[in-house]
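Listed below are the residues making up each chain.
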Amino acid sequence: MHQAFPGMPPFLRYGTLLAVGLTGLLAGCSTPPLQTARANFYAGRFEQANTNLAAIPKGNKDEVLFLMERGMIRQNLGQYEASALDWRRAGELDAKLDTYSISQGASSLIVNDRTLSFRGMPFERTLMYAFLAKDYLADSNWDYAAICARNIIKKLEALDGFPDIAYGRYMAGFCLELINDEGNAAIQYRAAARVLKDNILIDALSGDILPKTNAISAVTPIAKAALKTEPAELVCFISFGRMPAGEIYGDFYSQFPPYAEIYCEDEYLGRSYPFANTAALMAASQRRLAAIQMAKDAARIATKVAISEAVKQQNNALGALTLLALFAMEAPDTRCWETLPLWLEVARVPCPANLKSYTVVFKSASGAPLGKKVITAPLSRRGNTFISFCRDVGP
Amino acid sequence: MKTISRAIVSGAMIGGLLILTGCAMFRQKVEDKDVSNMPDYDATYSAKDLRNLSEKVATSIATSDFIRNQPTNLIMIIYGVQPRTTTFVDTQAMTDRLRNILMQKSNNKIQFVNESRRQELMKEQGFQAQNATDETRTAIGKQLGAKCMLTGALIEMQKQTGKQVRVSKTELVYYQLTIEITDLETGIIAWSTQEEFARTAREPLIGW
């Protein structure tokens, strides 16, 4: 019988066959069609996207990612309870991933970083709680929304060089305000204002959001807002677009923020202001991890060369083949929570005390209309504060 | 050489099969556990804490002078315990258990109105008013009003070991449960109690 590698010891040959078989088995394991689900989501086919991710395999290295994506899809479907369960499960799994897995670490040294369990960037994990809070706000579960707020704060208090998130701070402050924890809410509003250096002022006592046209003119509306003369107010969390995947260079995605105008029965109530841009957060996080990633890549390349050299000493052809195979497996880990919006904005506007619905007109940075939505749900109420959120999935 | 390598491969395969089929780790196993003695798997709030806290607080209320000095049965309403935590604690489970123990320990001296089923109660009374016979119909407007309101808060504080060269992290979690009984007529907090506990857990930073 003709042998492909005549100099190779039989046990190594069987071992290689076994390894190839196992790799094939693992590669063939069915995973949910994530890209299809994302495509359906951004085409506005939320039901189909939800069906795509109906079965999430337990113990899969991407389970957290699947749960993050499905949570977002379900929130847009108005299935707040199911969405909350997904994100809570993702949070529990993430906590377990604090323990470094030697087996996954070793395989990532031989294959690539995609063999590691997905955790997401710190800002993705923080924003997950901000979106989870929205599920509870929609269900008028203020206590659980406040639990989300505490988780956001816990994560933002341990940034370790990663970027702070004004949107997360504001959401945390607002959730705490709703359970009358006004002291801690004010701390978060102040922290949000510190992060938003540019165009927006936040009143720490009332949470009111105002444009910073100039320091003097801003004083009057803040004082007015503090008087709380409005009969009621609407706090609306508005998001636009899609977070880009992969390496982000420059500030292309974070320029020219769109905004939303809010109307009730043709009366203009106010507009939204940008609080976070996920592309900018991703770019800052990637910069923070650049040195670590470079060291990991160098170690991986060295390991791959060493393995192929060792095989080459036994069999020259197999050594070359091993080198080729190992480097063919090189791929950057671009996994991220792609159903996250690009822009995260907040509008806090006075509104009628009997608000039943409102209209959101999405506009580009130049003021060109992008779309329009009439919102009747979610629209929960706590005292004189109406709480709602909406999203322009956009192109 | 050939014989040795064959023996190694065969041995490894047989060993692997034996491990997978014979080891208890790979067999399904179901067993009942003593609920009064459940282990903790991490430092956070668990079923054991739910049982302990509600037991302690209920005993404290039932044996208090406030209850003993009540001239008649005390009707209470439970308005929930606020979870001021980072974990999603089901505080309704705690108040359900608290209610149950209080009713047993006080020999029904403490009574509760069923606030969580008020909607269903009204619906059923409305149904009976229209459809039930005169003899079996429940009378409307005869519900008893609560005299006191039971509320509370569960507070959690967490601390973790700081950054250092280590292979495990230690987490300390402190919980404090405060329960208040407020007189609905005067608005005064008539009685209050606190229970607390702390727990540490060490988790490995490196695992298989």
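On a predicted model such as this, the values are computed, not experimentally measured, just so you know. (Residues numbered from 1 in each chain as written. Chains lettered and ligands numbered in written order. Predicted model: local features only at pLDDT ≥ 70, side-chain atom pairs only at ≥ 80, totals over all residues. Heavy atoms only, no water.)

Caption draft 1: Looking closely at the overall build of chain B. Secondary structure summary: chain B contains 5 helices and 6 strands in total. Listed by position from the N terminus, the elements making up chain B come as α-α-α-β-α-β-α-β-β-β-β. Across the 208 residues of chain B, 34% fall into the buried class. When contacts within chain B are restricted to residue pairs at least 6 apart in sequence, those whose partners lie at least 24 apart make up 67%. Counting only carbon and sulfur atoms, one obtains 55% of the accessible surface of chain B, whose full area is about 13,900 Å². (Helix = DSSP H or I, 4+ residues; strand = E, 2+ residues; numbered from the N terminus. Buried < 20%, exposed > 50% of the residue type's maximum accessible area, 1.4 Å probe, protein only. Contact = heavy atoms within 4.5 Å. Areas by Shrake-Rupley, 256 points an atom, 1.4 Å probe, with all protein chains shown as cover.)

Caption draft 2: Layout of unusual backbone geometry. Residue and element names in this part refer to chain A. Cis geometry is adopted by the peptide bond preceding P378, which originates at A377 and carries an omega value of -5 degrees. Structurally, the position occupied by P378 is in the loop between β10 (369-375) and β11 (379-382). Despite not being glycine, D160 has its phi angle at roughly 55 degrees, a positive value. Mapped onto the fold, D160 is located in the loop between α8 (142-156) and α9 (166-178).

Caption draft 3: Expanded view of the interface of chain B and chain A. Contacts between chain B and chain A engage 21 residues on the former and 22 residues on the latter. Here chain B and chain A share an interface that buries about 1,900 Å² over both sides, 59% of which is from carbon and sulfur atoms. When the buried surface of chain B facing chain A is broken down by residue, T86, F88 and W208 of chain B rank first, second and third, together holding 33% of it. Linking chain B with chain A are 1 salt bridge. One salt bridge in this structure joins K169 of chain B and D98 of chain A, with 2.8 Å as the shortest N-O distance. Between the two partners, chain B and chain A, sit 7 residue pairs in polar contact (both at pLDDT 80 or more). Taken together, the residues of the side of chain B that touches chain A sort by class into 9 nonpolar, 7 polar and 5 charged. Of the pairings in the sheet, the one linking strand β1 (residues 100-101) of chain A to strand β6 (residues 206-207) of chain B comprises 2 bridges and is parallel in character. If you follow S101 of chain A over to β6 of chain B, its bridge partner there is G207 of chain B. (Buried area = accessible area lost by both parts, 1.4 Å probe. Salt bridge = Lys/Arg side-chain N within 4 Å of Asp/Glu carboxyl O. Polar contact = N/O pair within 3.5 Å; in protein donor to acceptor, adjacent residues only side chain to side chain. Nonpolar A, V, L, I, M, F, W, Y, C, P; charged D, E, K, R; others polar. Pairing = 2+ DSSP bridges.)

Caption draft 4: Structural detail: the packing of aromatic side chains. All names here are of chain A. Within the structure shown, the criterion is met by 17 aromatic pairs over all chains. Relative to F389, the ring of Y80 lies with its centre 5.9 Å away and its plane at 80 degrees, an arrangement referred to as edge-to-face. Of this pair, Y80 sits in helix α5 (residues 80-96) while F389 sits in strand β12 (residues 385-392), and the two are 309 residues apart along the sequence. This pair shows no difference in class: Y80 is buried, exactly as F389 is. Look at F240 and F362: their rings are 5.4 Å apart centre to centre, the planes differ by 85 degrees, and that puts the pair in the edge-to-face class. Of the two residues, F240 sits in strand β4 (residues 232-240) while F362 sits in strand β9 (residues 358-363), which places them 122 residues apart along the sequence. By relative accessible area, which is 3% here, F240 ends up buried. Its relative accessible area of 1% is what places F362 among the buried residues. Members of the aromatic cluster, each reached through a chain of ring pairs, are F41, Y42 and F46. We note K304 situated over the ring of F327; from NZ or CZ to the ring centre the distance is 5.8 Å. (Phe/Tyr/Trp six-rings, centres within 6.5 Å; stacked < 30°, edge-to-face > 60°. Lys NZ or Arg CZ within 6 Å of the ring centre and 35° of its normal.)

Caption draft 5: Quick peek at the sheet that holds strand β6 (residues 267-271) of chain A. Residue and element names in this part refer to chain A. Strand order across the open sheet formed by 4 strands is β6-β5-β9-β10, with antiparallel pairing between neighbours. Every other strand in the sheet has two partners, leaving β6 and β10 as the edge strands with one partner each. Taking the axes of each pair of neighbouring strands and ignoring which way they run, one obtains an average angle of 25 degrees across the sheet. Sheet analysis places strand β5 (residues 259-264) next to β9, joined by 5 bridges and oriented antiparallel. Within β9, the residue paired with E261 across the bridge is V361. (Axes fitted to C-alpha atoms, helices over the stretch in contact; angles between N-to-C directions.)

Caption draft 6: Quick look at the packing of α9 of chain A against helix α10 (residues 182-195) of chain A. Residue and element names in this part refer to chain A. Relative orientation of the contacting elements α9 and α10 amounts to 160 degrees, with a least axis distance of 8 Å. Here α9 lies roughly antiparallel to α10, going by the angle between them. Of the two possible hands of crossing, α9 and α10 adopt the one that is left-handed. Contacts between α9 and α10 pair A166, R169, Y170, A172, G173, F174, L176 and E177 from the former with N184, A185, Q188, Y189, A191, A192 and V195 from the latter. (Parallel < 35°, antiparallel > 145°, perpendicular 65-115°, else oblique. Left-handed = near helix turned anticlockwise from the far one by under 90°.)

Caption draft 7: Spatial organisation of the pattern of salt bridges. All names here are of chain A. On inspection of all chains with the given rule, the structure shows 36 salt bridges over all chains. One salt bridge connects R300 with E330, and the closest N-O pair in it is separated by 2.7 Å. Here R300, found in helix α12 (residues 278-314), pairs with E330, found in the loop between α13 (316-328) and β8 (343-351); they are 30 residues apart in sequence, far enough to count as distant. The exposure class assigned to R300 is buried, which follows from its relative accessible area of 3%. Accessibility expressed as a relative area gives 27% for E330, which makes it partly exposed.

Caption draft 8: Geometry of the nonpolar core. If you look at the biggest cluster of nonpolar residues, it comprises 104 residues, and the most contacted ones within it are L127, L137, Y167, Y170, F237, I238 and F275 of chain A. When residues in this core are grouped by element, the largest group, 11 residues, is from helix α7 (residues 122-138) of chain A. Counting residues in each nonpolar core, the second largest holds 32 residues, with A62, I78, M94 and L150 of chain B among its members. (Core = buried A, V, L, I, M, F, W, Y, C linked by side-chain atoms within 4.5 Å.)

Caption draft 9: Geometry of the sheet that holds strand β4 (residues 168-183) of chain B. Residues and elements named next belong to chain B. Pairing within the open sheet is mixed, and its 5 strands lie in the order β2-β1-β3-β4-β5. Of all strands in the sheet, those bounded by a partner on one side alone are β2 (110-112) and β5 (189-204). Taking the axes of each pair of neighbouring strands and ignoring which way they run, one obtains an average angle of 30 degrees across the sheet. With 13 bridges connecting them, strand β3 (residues 148-160) and β4 associate as antiparallel partners. Residue pairing in the sheet places Q160 in a bridge with E171 of β4.

Caption draft 10: Fine view of helix α2 (residues 34-42) of chain A. Buried within α2 of chain A are the following residues: L34, A37, R38, N40, F41 and Y42 of chain A. Against the buried residues of α2 of chain A lie α3 (46-52), α4 (63-77) and β12 of chain A.

Caption draft 11: A look at α13 of chain A. All names here are of chain A. Its 13 residues give α13 an end-to-end C-alpha distance of 18 Å, which sits within 8% of 18 Å, the value for a rise of 1.5 Å per residue. Within the span of α13, buried status applies to L318, G319, T322 and L326. Projected onto a plane normal to the axis of α13, the buried residues spread over an arc of 100 degrees and lie on a single side. When the buried face of α13 is taken as reference, the exposed residues oriented beyond 90 degrees from it are N316, A317, L324 and A328. (Expected span 1.5 Å × (residues − 1). Arc of directions from axis to C-beta.)

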